Amino acid sequence: MNTTNLIPLYAEVFLLIATSAILLIDMFLAEGKRAITYMLTLATLVGAAFFSFADYTAGSTVYAFSNMFISDPMGNLLKLFSYLTMAMTLVYARQYSTDRGMLGGNLGGEFYVLALFSLLGQMVMISANNFLTIYLGLELMSLSLYALVALRRDDARATEAAMKYFILGALASGFLLYGMSMLYGATGTLDITGVAAKIGSGTVNPTILTFGLVFVVAGLAFKLGAVPFHMWVPDVYQGAPTGVTLLLGGAPKLATFAICVRLLVEGMRPAAGDWQQMLMILAVLSLAIGNLTAIAQTNLKRMLAYSTIAQMGFVLLGLMAGVVGHDTTKGAAAYSSAMYYAITYVLTTVGSFGLIMVLARQGFEAEEINDFKGLSKRSPAYALLMSVLMFSLAGVPPMMGFAAKFAVLQSVLATGAVWLTVFAVMFSLVGAFYYIRIVKVMWFDEPADSTPLVVSSDKGIVLALNGLAVVVLGMIPGPLLNACMAAMQKTLVT
Amino acid sequence: MQSTINTLPPYLSLSIWVPIVFGLIVLAIGRDTRAGMVRVLSLVGALVSLVPTIPLMTQFDKAAHGMQFVEKAAWIERFNIFYSLGIDGLSMWFIPLTAFITVIVVISAWEVITERVAQYMGAFLILSGLMIGVFAAMDGLLFYFFFEATLIPMYIIIGVWGGANRIYAAFKFFLYTFFGSLLTLVAIIYLYNKSGSFDILAWHKLPLTMGEQVAIFFAFFMAFAVKVPMFPVHTWLPDVHVEAPTGGSAVLAAIMLKLGAYGFLRFSLPIVPDASHKLAPMVIVLSLIAVIYIGLVALVQKDMKKLVAYSSIAHMGFVTLGFFMFNDMAVQGGIVQMVSHGFISGAMFLCIGVLYDRMHSRQIADYGGVVNKMPKFAALFILFSMANCGLPATSGFVGEFMVILGAVQFNFVTGILAATALIFGAAYSLWMAKRVIFGAITNKHVEELTDVNNREFLMLGILAIAVLVMGLYPAPFTDVMQVSVADLLAHAAQSKLPVVAP
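Residues numbered from 1 in each chain as written. Chains lettered and ligands numbered in written order. Predicted model: local features only at pLDDT ≥ 70, side-chain atom pairs only at ≥ 80, totals over all residues.

Draft legend 1. Structural detail: the overall build of chain A. When its secondary structure is counted, chain A shows 20 helices and 2 strands. The dimensions of chain A, computed from C-alpha atoms along their principal axes, are 70 × 55 × 40 Å. For chain A, contacts bridging at least 24 residues in sequence account for 79% of all contacts bridging at least 6. (Helix = DSSP H or I, 4+ residues; strand = E, 2+ residues; numbered from the N terminus. Contact = placed C-beta atoms within 7 Å.)

Draft legend 2. The arrangement of the confidence of the model for chain A in detail. Taken residue by residue, chain A gives an average pLDDT of 89. The fraction at 70 or more is 98%. When the elements of chain A are averaged for pLDDT, helix H15 (residues 375-378) of chain A gives the smallest value, 85, and helix H4 (residues 110-126) of chain A the largest, 93. (pLDDT = per-residue confidence, 0-100.)

Draft legend 3. Structural context of the packing of H4 of chain A against helix H11 (residues 251-268) of chain A. All names here are of chain A. Direction vectors running N to C along H4 and H11 enclose 20 degrees, while the axes themselves pass 8 Å from each other. Classified by the angle between their axes, H4 and H11 sit roughly parallel to one another. The handedness of the crossing between H4 and H11 comes out as left-handed. For the pair formed by H4 and H11, the contact residues are Leu 119, Gln 122, Met 125 and Ile 126 on the first element and Ala 251, Pro 252, Ala 255, Ala 258 and Ile 259 on the second. Within the contact of H4 with H11, the residues separate by chemical class into 8 nonpolar, 1 polar and no charged. (Axes fitted to C-alpha atoms, helices over the stretch in contact; angles between N-to-C directions. Parallel < 35°, antiparallel > 145°, perpendicular 65-115°, else oblique. Left-handed = near helix turned anticlockwise from the far one by under 90°. Nonpolar A, V, L, I, M, F, W, Y, C, P; charged D, E, K, R; others polar.)

Draft legend 4. Molecular detail of helix H13 (residues 300-320) of chain A. Between the first and last C-alpha of H13 of chain A there are 30 Å, a value that for 21 residues agrees with the 30 Å anticipated at 1.5 Å per step. Among the 21 residues in H13 of chain A, 21 count as buried, and that is most of the element. (Expected span 1.5 Å × (residues − 1). Buried ≥ 20, exposed ≤ 12 C-beta atoms within 10 Å, placed from the backbone.)

Draft legend 5. Expanded view of the interface of chain A and chain B. Counting from both sides, the interface comprises 24 residues of chain A and, opposite them, 29 residues of chain B. Elements supplying a minimum of two residues to the side of chain A that touches chain B: helix H17 (400-414), helix H18 (418-444) and helix H20 (478-493) of chain A. In terms of residue class, the side of chain A that touches chain B is made up of 18 nonpolar, 5 polar and 1 charged.

Draft legend 6. Molecular detail of unusual backbone geometry. A cis amide bond, omega 5 degrees, links Val 227 of chain A with the succeeding residue Pro 228 of chain A. Among the structural elements, Pro 228 of chain A can be located in the loop between helix H8 (206-224) and helix H9 (232-239). Here the amide bond leading from Phe 231 of chain B into Pro 232 of chain B is cis, since omega sits at 0 degrees, within 30 degrees of zero. Note on placement: Pro 232 of chain B falls in the loop between helix H10 (210-227) and helix H11 (236-243). Notably, Ser 66 of chain A is not glycine yet its phi reads approximately 50 degrees, a positive angle. Within the secondary structure, Ser 66 of chain A sits in the loop between strand S1 (62-64) and strand S2 (69-71).

Draft legend 7. Layout of the pairing of strand S2 (residues 68-76) of chain B. Residues and elements named next belong to chain B. Pairing of S2 with strand S3 (residues 81-87) involves 6 bridges; the strand directions are antiparallel. Its bridge partner being in S3, Lys 72 is matched across the sheet by Ser 84. Taking the residues between adjacent antiparallel strands as the criterion, S2 and S3 are bridged by 4 residues, where Asn 80 takes a positive phi near 60 degrees. (Pairing = 2+ DSSP bridges.)

Draft legend 8. Representation of the packing of helix H4 (residues 94-108) of chain B against helix H21 (residues 454-472) of chain B within the structure. Residue and element names in this part refer to chain B. The N-to-C vectors of H4 and H21 enclose an angle of 160 degrees; their axes lie 9 Å apart at closest approach. When the axes of H4 and H21 are compared, the pair comes out roughly antiparallel. Note on packing geometry: the crossing formed by H4 with H21 is left-handed. Listed contacts from H21 to Ile 104, Ile 107 and Ser 108 of H4 are Arg 455, Leu 458, Met 459, Ile 462 and Leu 463.

Here it is in structure tokens:
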């Protein structure tokens, strides 16, 4: 083992250096030249993507820092999507954040720098192969996000959301850390590969193991926003400025998915019988409560928050379905369907929040469902785009959401859980109701507000590509499904 | 990548994708300031889309067994899903029928739709391609893909251009159909997990226990029965028909309801034959209820569209009745009835549309004596009403007669009960015609009516010819399906229960 091998970390190292450089450069920029920070941030993401892509195409699994850090196809694929999500988020949020004093002025380019630091945290989480690395990444991400939510410090709602997010986030981290310490006590190691080997040997005290496991699962459920640990999600999504909502509802979900896989699948597969049950309960509750509560919402951001909870239920279903005997192919099929679902969810959600920011303008948030009334008359193109995203979330073909739901349902049914599958599809039906209500508002109602939409060309193009991707990846889901499958197989074998 | 295309050019793919591409172009260029151009382009699109369906009729081999015009290419390899198309005698007629009805719908909307013309036309063109896809798909997931995707344009059509209560109707339509098809999705995935393939023909050979068969039968039944619609899940149809725009009603009645009935033929009967036989009495009873009870309900309707909607349910009851009696005559009769009902119900809704455009009322009581002002229209309306009640020499007679003959073979009482439908059909159709067309003019608005213009005469005239041709010379329609129906019944007669060692 080569402990000084830094090659697998090039993406992280590059991002750290670039972010620090951007922080410095931004201090010396005149107000009119703030666009340079924006360009540099996007260039940084492209640079990081270059390194991760190189690692991804190499397709090998490499460890660094005494096994604390892992670079494998699953991690690199998730990182690539994290960069993409982050880049889209920043493009969508630029005008919106500038209008609200979160960008430029006294704050300079801190929005970008904090976003990049949270991304660095996500990358560390994705690549973690040790409890401490996971925690390090999680805290780096969370601290940046707390600051981002609070960036609009004169806004009462944003401050409240920041407070809630901070306290509950800290609690969740505490849960996770406590669980990890228990696992350390039970297994005597922090190394994920080591933990798996130790549990597999059957010499671990089952009481301590299960005790630790419960806390780890609870911490993860907090971060994913699964019921009953979901209380923070609606309040924070609604209270945070929309641009920041996207920063914490988009890419972080991929990183959280990654640590779920690292901790549960890689670290505790021998104890799967225990966590499988917990995930099932979390998934069932999330699907039911998320979907039912979303119906009652009038605020679009809050509705999307509840819809997130329900969508995470599907991700958990996929994760749960992976343990069928010792069949790694079926296991990989299930985990890869969950991964595909997470990617689908993120691409779709980013687009929908992006559209909320298209409609928002100075002094107007456009976050009520009624603000979308008659959008098809104001702008048929954006109404069509939003419809595509909503039908995708509802899981109607030919959108991407259908392929994702199909993949997850296939794995769940493969475990023989017919009732669980029927339960999941019935709650998709409930979900369809509130998604098509958005379509209804946009197409069937008369506009209440006919202010023309002003959209910068970069944002317009990225949004169009976003919508196109949701349709095209829905019609041709094969390549991405295969990529997820190959990555997961690699993960399960090592 | 493995791919086979038996015909060059690939007619089925063209039939599906040409209208969709035209629909997208219309959507992309369309603004209401350019409505004229949009209309012409849509008509061109609909006509061009009709072209690739013609060789499907002329080059179809009536004597061949199995699928024709087969196309197959890998689509989602991870799940062994293929882009697999093919038609046989069961599905062949529906593809030209769909393309044809789309042309009529485009013509019917010409002057009527003045707002968001491009979106209206685009939605119908895309819908047309998707529905053809349902009839042509030979891969379970591809079928589901098209089946579900049809919901999106129809939802928009009802909601945007519908009547006063359109939002309720659009939601009811979407959620009812989505509910049924989600259970079908579970069944499809189950069959995949069991067989490792999404090929419908492979599922036909898959052995299944009775418990599995019954569960799968009900999962399919939920989707198809809602779509047909069968009693007691028919309640969405009258609401939706009343609120939908004329074109929407015509497509819904003429084609969309057939997707469900077609599903029974392609999925239920051959994949779960034992359960189909076992549960046939249930389906037959439900169908008879539809035929008799819904016929009576139609009689008392005050709204013309609602009356025709209920009559559609009764006629579709005939179709499902025919399918579940498992004899050649009845199944063929059911398919003929589907095609014929496509022409007749489409025409009835277009007729009501013609009246509605002039009077803005669908209430029967508001009319009376229309013949005095609209003689040409009255002649056509009476023809379609006669066809609707199954008068010999119209297409309506052929299907109903065959189903009744089949029913008598199956069971005399069933035959008698089915035959009562002819009486009810005559009662509600002719009574409506009497109240709307004949009598003295009592409403001063009827006084101001003008007869059909050339466009309306053209669209109704073409349909009238179709109805008469099919009624006088049904052989081309029945010849095509004979082999396929015989194969289907032979297949459905074989038990698929796994052989248990004694």
